[in-house]
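For reference, the chains in residue letters:
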Amino acid sequence: SWVAPSHNSYIVGDQLTGRSTREAYMRQLLQGCRHVEIDCWDQFQLRSCKTVPVVTHGHTLCTVESFDAVASAIARTAFVTSDLPVILSLEMHCKPERQHAIALALLSNLGERLLSCDDIEGSSLSPEALRGKVLCKGKVKAVLAAVREARSSADVAETGEAGRTVSERERASVASSETLYVRHLTLRTVPADDFLAGLSHEYGFALPITSIGEERLGQEMGLAAPRAEALDEGSVSRGMAGSVHALQRKTAEQLLRVYPLGLRFAGKNLDPLVCWRAGAQHVALNLGQHPDLAAQLHYALFEDTGGYVRKPEEMVDGRGWPPRRESLRRVTIELLSLHGLPKQGEERPSRDGAHGASHGYVPELTGSWRA
């Protein structure tokens, strides 16, 4: 399924000087987002003389928000619009002590709704089975190191292979030393190179996921010289259909998240149609700004869906999408009538709609006008 995500979910405004706020999470979750990003950093507080975890865009002029405030805001609004599972993408820059504090904050605010690795063993992992649950996504460095070590120690001459899967004993040893924070990382990140090479199985993750930048995605889709403005529907049509179908087959087996190019400081979004066509389930857009065309496409796809949309069968079973057609038909549409337009004097956006409550948070992004 395609899932409704956001990128740098805490930011309102641009990516360099924007405001970090818990209200951005509340707005997006109430609008149907099911996958939000939390960038976690350490911050020293002069008054209390201690270091606490905060949420901000590191190495920029963006403001700072308390992690605990963000966790509380997510707990309040995660399942108001939809009860389908919510994913918290934790980009971790904190030291182990603050990672423990983050785990405690999540447990305190989310309680039994927060899944741990023990909860998903032997369980059905479909969105339907995980209704009302929160999953955390992140890197497990110990497992990544174990896989690298296993590959480097493999006897290529004897096995004829470039590496080997981490053994059950090695995996059990790593799991036994996992911290409280790591035990709650149910969606575990596989490096992009290994995902693209078909080596995700070596990690033994129950729910593997890979994050890949739009530039790298463009290269994998056969685009010769991807640039900040190159990843659009036209450039894909000039690319290689075989590469697109290969990505669709890979994403039929594992989750893929695509994030915007780092040079998009102003928050301008990539074209989500390209990424959806490649099979990427999570196409992270900057939603903390006035909605551009990409954001409008995002809202249109996920409207009234609970934040999850099934992909076409051809994209999942290996046939490739869109299916080949012997001929194309061109049609002309004649507009007969329009429905749902605002009445004279009616204010838009409507505060009574399905997402009406979201407009109370970060209201400057809503705007208003009368017909």
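Predicted model only: the values in this text are computed from it and were never measured.

Undergrad: What should I look at first to understand the packing of helix α1 (residues 22-30) against helix α2 (residues 67-77) in this one?
TA: When two helices pack together, their arrangement is given by the angle between their axes and by how far apart the axes lie. Running from amino to carboxyl end, α1 crosses α2 at an angle of 20 degrees, the nearest separation of the two axes being 9 Å. Here α1 is positioned roughly parallel relative to α2, judged by the angle of their axes. Two packed elements cross with a definite hand, and for α1 against α2 that hand is right-handed. Residue-level contacts link R22, Y25, M26, L29 and L30 of α1 to A69, V70, A73, I74, R76 and T77 of α2. Tallied by class, the residues present in the contact of α1 with α2 amount to 8 nonpolar, 1 polar and 2 charged.

Undergrad: Explanation requested: the packing of α2 against helix α3 (residues 96-110) in the structure shown.
TA: At a minimum axis distance of 9 Å, the contact between α2 and α3 shows a crossing angle of 30 degrees. With respect to α3, the element α2 is oriented roughly parallel. Here α2 and α3 pass one another in a crossing that is right-handed. The residues of α3 that touch α2, namely those facing F67, D68, A71, S72 and A75, are I102, A105, L106, N109 and L110. Tallied by class, the residues present in the contact of α2 with α3 amount to 7 nonpolar, 2 polar and 1 charged.

Undergrad: For this particular structure, what's the right way to read the confidence of the model for the chain?
TA: Close inspection of predicted coordinates is inappropriate for parts of the model with low pLDDT. Of all residues in the chain, 89% have pLDDT values of 70 or greater, and the mean over the chain is 86. In the model of the chain, helix α6 (residues 156-159) stands out as the element of lowest mean pLDDT, 44, in contrast to strand β1 (residues 2-3), which has the highest, 98. Confidence over residues 155-162 falls short of pLDDT 50; this stretch has 4 contacts with residues more than four positions distant or in other chains. In the model, residues 224-239 has pLDDT below 50 throughout and makes 31 contacts with residues more than four positions away in sequence or in other chains.

Undergrad: It is not clear to me how α1 should be interpreted in this structure. Could you clarify?
TA: An α-helical segment advances 3.6 residues per turn. Residues three or four places apart therefore align on the same side. The buried count for α1 comes to 7 of 9 residues, which makes it a mostly enclosed element. By the burial criterion, the buried members of α1 are A24, Y25, M26, R27, Q28, L29 and L30. Capping the start of α1 is the job of one residue whose side-chain oxygen sits 3.1 Å from the backbone nitrogen of E23: T21. Immediately beyond the C-terminal end of α1, within one or two residues, lies G32, with a positive phi of roughly 110 degrees.

Undergrad: Any chance you could explain the pattern of salt bridges here in plain terms?
TA: Side chains that differ in sign of charge can pair as their charged atoms come close. Per the counting criterion, the structure on display carries 15 salt bridges. Between E65 and R22 there is a salt bridge; the shortest N-O distance is 3.1 Å. Of this pair, E65 sits in strand β6 (residues 65-66) while R22 sits in helix α1; the two residues are 43 residues apart in sequence, bridging distant segments of the chain. Judged by relative accessible area, E65 falls into the buried class, the value being 11%. Across the pair D42 and R98 runs a salt bridge, and its minimum N-O distance is 3.2 Å. Here D42, found in strand β4 (residues 35-45), pairs with R98, found in helix α3; they are 56 residues apart in sequence, far enough to count as distant. On the basis of relative accessible area, D42 is assigned to the partly exposed category, the value being 25%.

About the criteria used
Residues numbered from 1 in each chain as written. Predicted model: local features only at pLDDT ≥ 70, side-chain atom pairs only at ≥ 80, totals over all residues. Heavy atoms only, no water. Axes fitted to C-alpha atoms, helices over the stretch in contact; angles between N-to-C directions. Helix = DSSP H or I, 4+ residues; strand = E, 2+ residues; numbered from the N terminus. Parallel < 35°, antiparallel > 145°, perpendicular 65-115°, else oblique. Left-handed = near helix turned anticlockwise from the far one by under 90°. Contact = heavy atoms within 4.5 Å. Nonpolar A, V, L, I, M, F, W, Y, C, P; charged D, E, K, R; others polar. pLDDT = per-residue confidence, 0-100. Buried < 20%, exposed > 50% of the residue type's maximum accessible area, 1.4 Å probe, protein only. Polar contact = N/O pair within 3.5 Å; in protein donor to acceptor, adjacent residues only side chain to side chain. Salt bridge = Lys/Arg side-chain N within 4 Å of Asp/Glu carboxyl O.

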